[in-house]
Amino acid sequence: MRKEKQSIKVSGLCYAVTGKTIVADTSFEIEKNEFLGIVGPNGAGKSTLLKLLTRILTPSDGYILIDGEDIFGYDPKELYRKISFLPQISYFDFPLSVLEVVLMGRYPYLGIFASENEDDIKHAENCLSLVDMDGFSQRKVTTLSGGEQQRVSVARVLAQETDFIFLDEPSSHLDIHHKFALMELLSSLAQKGKGIVAVLHDLDLASRFCDKILVLENGRSKGLGKPSQVLSEDILSSVFKIKGSWDPGSGNLSVSL
Amino acid sequence: MPTGKKTLSLYAILASLLALTVIACVSLGAVSVPFGKVLNIIAAKSLWLDVGAGIEKSQELIVWNVRLPRVLLAATIGGGLSIVGVVMQAMFRNPLAEPGILGWSSGGAFFAVLSIYTGIYQHWFLLLPLVAFAGTLLTAYTVYGISRYRGFVENTTLLLCGVGLGTLFISLTTFVLSVSNAWSMKEMLFWLMGGVDSRSWTHFAMAFVPVLIASVILLFYAKNLNARLLGYEAAKTVGIDVERTTKHLVILSSLIVGASVAVSGIVGFVGLIIPHSVRLLIGVDHRRLLPASFISGAIFLPLADLIARTVMSPQEIRLGVITSLVGVPFFLFLLRRNFGRKTIV
């Protein structure tokens, strides 16, 4: 394969439904080794963009190249061995065990009648311990709290062992400790060579952990780059309608209404 | 995990229970035939031999011509409707989905009745189940199409739509039967409150061939169904081609439902009772749930039929009445448990 082109290239991406444009002419590149945060006000098209990048939705125009090849050229299993996705909401209506859920991350690697082997199970257990859910593998997901379910879903995505991981508001149900732990985990995964793309609501958290920030407003990119460059006072007041400043000492962003 | 020793012994237990159930149900009834003689007759007849001395002709007839096809047919549709229940519940991520409730059975039954009263069915033994299959498929897609909005299927809409369309097909069935012959009341009872009474080997073959083929193919979709439990987006991004395989699942399920209602009328709630009970016992993984539900349904329905023909003997209760008596409380319990849970496929 083309080892030199391990990136996702997005060009002129548009998505419109029933005449309403949700993502408009967005182009950018996602590289491995980086943690990209997508931020923007409600209805900016962040989730839609993520669904386009993961082939859940089909763009009305533009294209997405994954490792130099069009996203629609991939067979499903092949594609989802390269990219994985954590949806905004995880549904657990049926009493699956935690391990069963995490092992589904191995499905892109399994043939039609093949079952998970010892290595898959070991791998799944490791992913569970990365999200601080050791010892939960035999519990029913339906008996867990929202935050615990969210961490199980993250483990499922990690079990998929993909180069690129897309997450839609991964920290929304988590308590403050696990919120930071998750952001640290994602940032360390990026350092180990993965490409991480997450839709985030918390600008403070995003500016602390992300290598790059993409600001979306009304489906259009308003800037892409280092947090301190992109989240300028201008952007904060025009896009987010808040006041913000960067503390020169700590390098942290502080925002207020 | 799914093919461990535990799973194998589970199948061994279920298979022995099934064999025992079949023999017991053939043996018991208005005229009981001892176990030994039942085995003797079945063994001899299936090897094309003469049954030995000491067995009366009437016993041979009861066992081979009357009860065995009836019991095996009950097992076939019990297994078939159960496996379809499992598939529908995972596919729609709705614990209340079932061929009877979603109107599929009524649609199939109406087409079966049409094919009988137009004479189409006479040309080939599989035409009756195939026409019923077409009717089931049509109903399935209509219900699915109406309750699908912007790519999502809303649970309550799906159920209400199924119930509504089901009622329409029951009315149409009643209409066709009432204008077409003098025995309409009895016929109506047969189709609307299904049963396996007075069924022959031909009826068994009509149901068995499609049900077995479709059920075996469905086993290939076990992991697909597992992934669907996580929701559309998660299923898609672990490599499931949701749209394409939904078509396969609907077609295979309709084939089973069509073949079942074509020979036995509407037997409701089996697809609800069995899958939920089996899930409680062995969990949610479809690699075990599909085969275990099939065998459990194949055990359950002959037993329900045994009750139907023995408790008020010589009067027979309709099998559909028995399954409704068990199934409706079950349905209400599940409805209550899922109350307030807003889930979207």
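For the structure, check the block above.
Residue numbers restart at each chain and count upward from 1, following the sequence in its written direction. Whichever chain is written first is A, and whichever ligand is written first is 1; the rest continue in order. This being a predicted model, a pLDDT of at least 70 is required before a residue's local features are given, and a value of 80 or more before pairs of side-chain atoms are given or counted; all residues contribute to the totals for chains, interfaces and linings. Side-chain metrics rest on all non-hydrogen atoms present in the structure, leaving aside hydrogens and water.

## A look at the packing of aromatic side chains
When the centres of two rings from Phe, Tyr and Trp lie within 6.5 Å, Trp using its six-membered ring, the rings pair. Their planes under 30 degrees apart give stacked, over 60 give edge-to-face, and anything left gives tilted. With the rule as written, the count across this model stands at 11 aromatic pairs over all chains. Pairing B:F204 with B:F208 gives two aromatic rings, centres 5.0 Å apart and planes at 25 degrees, and the pair type is stacked. Of the two residues, B:F204 and B:F208 are both situated in helix 8 (residues 201-218); the distance of 4 residues between them amounts to about one turn of the helix. With relative accessibility at 14%, the residue B:F204 sits in the buried group. Among the aromatic side chains, those forming a connected cluster through ring pairs are B:W64, B:W201, B:F204 and B:F208. Each ring is checked for a lysine NZ or an arginine CZ that lies within 6 Å of its centre and within 35 degrees of its normal; such an atom marks a charge sitting over the ring. Residue placement shows A:R106 over the ring face of A:Y109; its charged tip is 4.4 Å from the ring centre. Under the DSSP-based scheme used, a helix requires at least four consecutive residues in state H or I and a strand at least two consecutive residues in state E, with every element numbered from the N terminus. Per-residue accessibility, obtained with a 1.4 Å probe over protein chains only, is compared with the maximum for each type, and a residue is labelled buried under 20%, exposed over 50%, and partly exposed between these values.

## As for the pattern of salt bridges
A side-chain nitrogen of Lys or Arg and a carboxyl oxygen of Asp or Glu constitute a salt bridge if their distance falls within 4 Å. Within this structure, the stated rule accounts for 20 salt bridges over all chains. With its nearest N and O atoms 3.2 Å apart, the salt bridge here joins A:K51 to B:E233. Here A:K51, found in helix 1 (residues 46-53), pairs with B:E233, found in helix 10 (residues 232-236), and the two come from separate chains. In this structure, the salt-bridge partner of B:D197 is B:R318, at a minimum N-O distance of 3.0 Å. Linking B:D197 in the loop between helix 7 (184-192) and helix 8 with B:R318 in the loop between helix 13 (286-310) and helix 14 (319-337), this pair joins segments that are 121 residues apart in sequence. Taking the relative accessible area as the measure of exposure, B:D197 reaches 17% and is therefore buried. B:R318 sits in the buried class, given a relative accessible area of 16%. One network of salt bridges, in which partners are shared, links B:R70, B:D305, B:R309 and B:E316.

## So, the interface of chain B and chain A
Here a residue-residue contact requires only that any non-hydrogen atoms of the pair lie within 4.5 Å. Across the contact, 30 residues belong to chain B and 35 residues belong to chain A. Note on chain B versus chain A: buried area summed over both sides is about 2900 Å², and carbon and sulfur give 64% of it. The interface formed by chain B and chain A holds 4 salt bridges in total. Any N or O atom pair separated by 3.5 Å or less is treated as a polar contact, with the protein-specific requirement of one donor-capable and one acceptor-capable atom, and with residues adjacent in sequence counted only for side-chain atom pairs. If you look at where chain B meets chain A, you find 9 residue pairs in polar contact (both at pLDDT 80 or more). Listing elements by their share of the side of chain B that touches chain A, those giving two or more residues are helix 9 (222-228), helix 10 and helix 13 of chain B. By buried area we mean the combined loss of accessible area, with a 1.4 Å probe, across both parts when two parts are placed together.

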